[in-house]
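Residue-level structure breakdown
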Amino acid sequence: MAQLTSVYRTAGLRARPGLLARIDLPRRIVFLAAASMVAIVALLLAFIAWQGIQLFVKDGVSVGTIVSPTWNPLADKGPQFGLLPFILGTIYVTAVALLISAPLSIGLALFLSEVAPNWAKAIVQPALEIFVGIPSVVWGWLGITVLVPFLADTFHGPVVVSLPIVGQVFSMPGFLTGFSWLAGSLVLSVMVLPTITSVSYDAFRAVPQELRTGSLALGTTRWQTIRHLLIPAALSGVLTAVVLGMTRAAGEALAVQMVIGNSPTLPASITQPVTTLTSQITLDMGNTVFGEPWQDALWTMSLVLLLISITSVVLVRVINKRRLAS
Amino acid sequence: MTTTSNPAMGRSAGPKPSLRRKASRGSILADRAATVALWGTGILVILILGAIILHFALAAWGVVSPSFILSDPSRATLGGVMPILWNSIYILVLTMLIAVPVGILAGIYMAEYAGDNGITGAIRFAEESISSVPSIVVGLFGLILFVDDFHWGFSALGGSLALTFFNLPLMTRLSEQALRAVPQEERNASLALGATKWQTIQHVVLPLAIPGLITGIILTAGRVFGEAAVLLFTSGVGTPPHYNFLNFDLTNPASPWSPFRPATTLSVYIWNLNSEGLGAFKNQIVDGSAAILISMVLIFNLGARLIGRLLTRRLTAA
C-alpha cells in the first residue's frame, strides 16, 4: 500500500481509493437497514388503504355511512355499516382516559423533575419502566378480575344527585355488569401514564436551571415557579406528551376490548357498555370471511385508526416546530 | 470571590428586611398543598405497582408450579402452559434474530451517517409513524402480507416479521441513543490515527456503545414478549398440540422447531381463554400465565439494569 502510494506520488498522481472504499459497502448496508422503515410504512399504508376503501369501491356502500349510527352487518335486507358508534366510542373512551391520566402524569413528571429527592426517583423511575412492560392482556385481565367487579358491586344502583329546592340535578344509571366506558378509560389511563410522564419529564428537564434559580431568587415559592414559569416554558413538550398518550390510548386493542362490554351502539353513559374501533376489529376479524362486506367494514375501521395515528404524528411535528420557531 | 462586591454584606446577609418581599400566607399554603399533591402522585404509582405484584403473587400461589410450567394445556383439569411458553420464547428469539441486527445497523446510520436532509427526514417520519400505528393495525398488515399474499397461513415466522416491523423503530432509536452517547473525541482520535469511518465505528464506537445496546435489546425483548395484538392475526390463536421436540424437520408444521407453524404465545393464550370463557380452571390458568408474564417483565427490566451497569463498570475500568 505504502509503496503503491509512493509510486503514485512520484508520478505526480494522487492515490485513488480502492474499489471497495469507493463503493463504501458498510454505508450502503446501514442505509438500507434504516430505509427499510420507510418501505414498511409505505407498504402498510398502501395495503391498509387498499383494503379500507373496498367497502366503498367493491361493496358500493356510500362514504357517508362512516357517520351513520347504525351497525347491523347481519341484517337480511341491506346490512348497515354505520361506523359512528366505533369512532365516537374511541374518541370518548380516549378522552376520559386522558382526563384522568394527563393531570396525574404531568403531576408525576413534576414530582420527578422538581420535588423528588434522589432516593424517591430511584424508586419511582424503575417502577414506571415496569409499568411500560406490563402486557396489555395483563392490564385487561386485571380490569376484568379487579376493576369490573369493583364497579359493579360499589355503584350498582343509579347515581342520583338532587338538591333540596332545585330537585334532581344529575342522574346516571348504575354499573349493571361493570363492563363499561369508565372501566375502559380507567384501564387506559394507567396504561398511558408512563408515556405521558416520561415525555413531560423530558420537557421539564429541558428548561434551563438558571430560569428556576432566577425565579426562586425573586422570592417566589416552588409552586409559583412551577405554575408561572415551568409549565408555560415546557408547554409544547407537555402537549406532545398528551398527544402521544392519546395515540397510544386510541390504538390500544386487547385491554380495552376485555373490559368495555362491546356494545355497538352510540355511547350513552359512562356507566354503560360501549365499543371502540380496535375492540370491534379484534372481536370480528376472526369471525368474518375475507372479501365479504362485513370484513371490508373492519378494514375501513383499521384505515380510520391508521389515519388517526398518522394525524397525531403530524400534530406532534407541528407542535415541536412551533417550539423551535419561538 | 474573595472581594465582596456589596459592602453591606458584612453586616447583614441579604437585602434589608423592609425590602424583602415576603411570600403571602396564601401562596405558602398553595405551595405546601402542591408539594403534598406531587408527592401523592409518586406514592400512588408505587402503591398501584405494589398492589399489582401482590395481587398476582397471591393469585399465582398454588397455580404456578414446575408441573404448570412443564405440562401440556388442558381445559378439564388445571392444564399447564409448556407449549405456549415454548412458543413465546421461540417467537421472541426469532424476532430478535431479525430485529436486533437490522435495528442496530439502522441505528448506526442514524447516529453516524445521516445528514440533515430530506432522506433522513423521511426515515425519521417513518420511524415515528410505525411507533404510533396501533399494534392491531400492524397485525392486520401481517395478515394481508404473510397469511394471505404469501400463503403462509398463521405462522411463527409471519408473527415474528410483523413483530419486527412493529419494534424496529424502538430498537433503532435505542441503538441510535447508545451510539450518540459515545464521546466525539473517541471518534476523532481514531480517525486521526488514519482509521476509516467504518473501522472507527467497528472498533471504537460499537464496543463503547455495548452497554447501551444491550439495554436496548433487553427493553425491546420485554415488549416483544408481552405483545399480543400483533400476533392475534399473524401467528394464530388456539391451543397448540403436543410438541415432539425430537422432530427436527423444519418443513414439518408438526415440529416445534418449524417457523411455518401456528404458534400461540402466552399473551395471546390469555386473551383467547378470556374471550372463549370455557373451562372450570380458566381463571387459575390465566392468573398463572399472567404471573409468568409479569415475572418475565420484571426479569427483563432488572436484567437490563444489571447487565448495563456491569458492562459499563467493566468497560470503563479497562
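Predicted, not measured: the structure shown is a model, and the values here were computed from it.

Here we come to the overall build of chain A. The number of helices and strands found in chain A is 14 helices and four strands. The C-alpha radius of gyration of chain A comes to 27 Å, more than 25% above the 20 Å expected for a compact globule of 326 residues. In terms of its C-alpha atoms, chain A occupies a principal-axis envelope of roughly 105 × 70 × 35 Å. The buried share among the 326 residues of chain A stands at 45%. In chain A, once contacts between residues fewer than 6 apart in sequence are set aside, the share between residues at least 24 apart is 73%.

Here we come to the overall build of chain B. For chain B, the helix and strand inventory stands at 11 helices and zero strands. Listing each helix as α and each strand as β along chain B from the N terminus yields α-α-α-α-α-α-α-α-α-α-α. In terms of C-alpha radius of gyration, chain B reaches 27 Å, well past the compact-globule figure of 20 Å for 318 residues. Considered along the principal axes of its C-alpha atoms, chain B spans approximately 90 × 60 × 40 Å. By the burial criterion, 43% of the 318 residues in chain B qualify as buried. Residue pairs in contact within chain B that sit at least 24 positions apart in sequence constitute 77% of those at least 6 positions apart.

Moving on, we get to the interface of chain A and chain B. Taken together, the contact pairs 67 residues of chain A with 68 residues of chain B. Per-element tally for the side of chain A that touches chain B: the top contributor is helix H3 (residues 25-52) of chain A, with 17 residues.

Side chains of a nonpolar character, in soluble globular proteins, are inclined to be buried together. One finds Ala183(A), Val187(A) and Val259(A) to be the most contacted residues of the largest nonpolar core, which totals 175 residues. At 16 residues, the largest contribution of residues to this core is made by helix H3 (residues 82-113) of chain B. Two domains each put at least three residues into this core: domain 1 (24-61) and domain 2 (66-317) of chain B. Excluding anything up to four places from it in sequence, Val259(A) contacts Gly140(A), Gly143(A), Ile144(A), Leu147(A), Val148(A), Phe179(A), Ala183(A), Gly184(A) and Val187(A).

All right, on to the domain arrangement of chain B then. Annotation of chain B at the domain level lists domain 1 (24-61) and domain 2 (66-317). Computed over C-alpha atoms only, the centres of domain 1 of chain B and domain 2 of chain B are separated by 33 Å.

This part is about the environment of Ser312(A). Here Ser312(A) lies in helix H14 (residues 293-325). Sequence-wise, Ser312(A) and Pro173(A) are 139 residues apart; in three dimensions their C-alpha atoms are separated by 34 Å. If we ignore the near neighbours within four places in the chain, the residues touching Ser312(A) are Val243(A), Met246(A), Thr247(A) and Ser132(B).

Moving on to the environment of Glu252(A). Residues and elements named next belong to chain A. Residue position: Glu 252 is located in the loop between helix H11 (235-251) and helix H12 (254-259). Through-space distance from the C-alpha of Glu 252 to that of Val 192 is 9.7 Å; in sequence the pair is 60 residues apart. Leave out the neighbours within four places in its chain, and Glu 252 touches Ser 136, Leu 188, Met 191 and Thr 278.

Another point: the packing of helix H5 (residues 84-115) of chain A against helix H8 (residues 181-205) of chain A. One can describe the packing of H5(A) onto H8(A) by two numbers: an axis separation of 6 Å at closest approach and a directional angle of 35°. Classified by chirality, the crossing of H8(A) by H5(A) is right-handed.

What follows covers the confidence of the model for chain B. Residues and elements named next belong to chain B. Model confidence for chain B is summarised by a mean pLDDT of 86, while 92% of its residues fall at 70 or above. pLDDT under 50 marks residues 1-20. Its contacts with residues more than four places away, or in other chains, come to four contacts. Prediction confidence for the complex, expressed as pTM and ipTM, is 0.87 and 0.87 respectively.

Calculation notes
Residues numbered from 1 in each chain as written. Chains lettered and ligands numbered in written order. Predicted model: local features only at pLDDT ≥ 70, side-chain atom pairs only at ≥ 80, totals over all residues. Helix = DSSP H or I, 4+ residues; strand = E, 2+ residues; numbered from the N terminus. Rg over C-alpha atoms; globule rule 2.2 N^0.38 Å. Buried ≥ 20, exposed ≤ 12 C-beta atoms within 10 Å, placed from the backbone. Contact = placed C-beta atoms within 7 Å. Core = buried A, V, L, I, M, F, W, Y, C linked by C-beta atoms within 7 Å. Domains from an automatic or database assignment. Axes fitted to C-alpha atoms, helices over the stretch in contact; angles between N-to-C directions. Left-handed = near helix turned anticlockwise from the far one by under 90°. pLDDT = per-residue confidence, 0-100.

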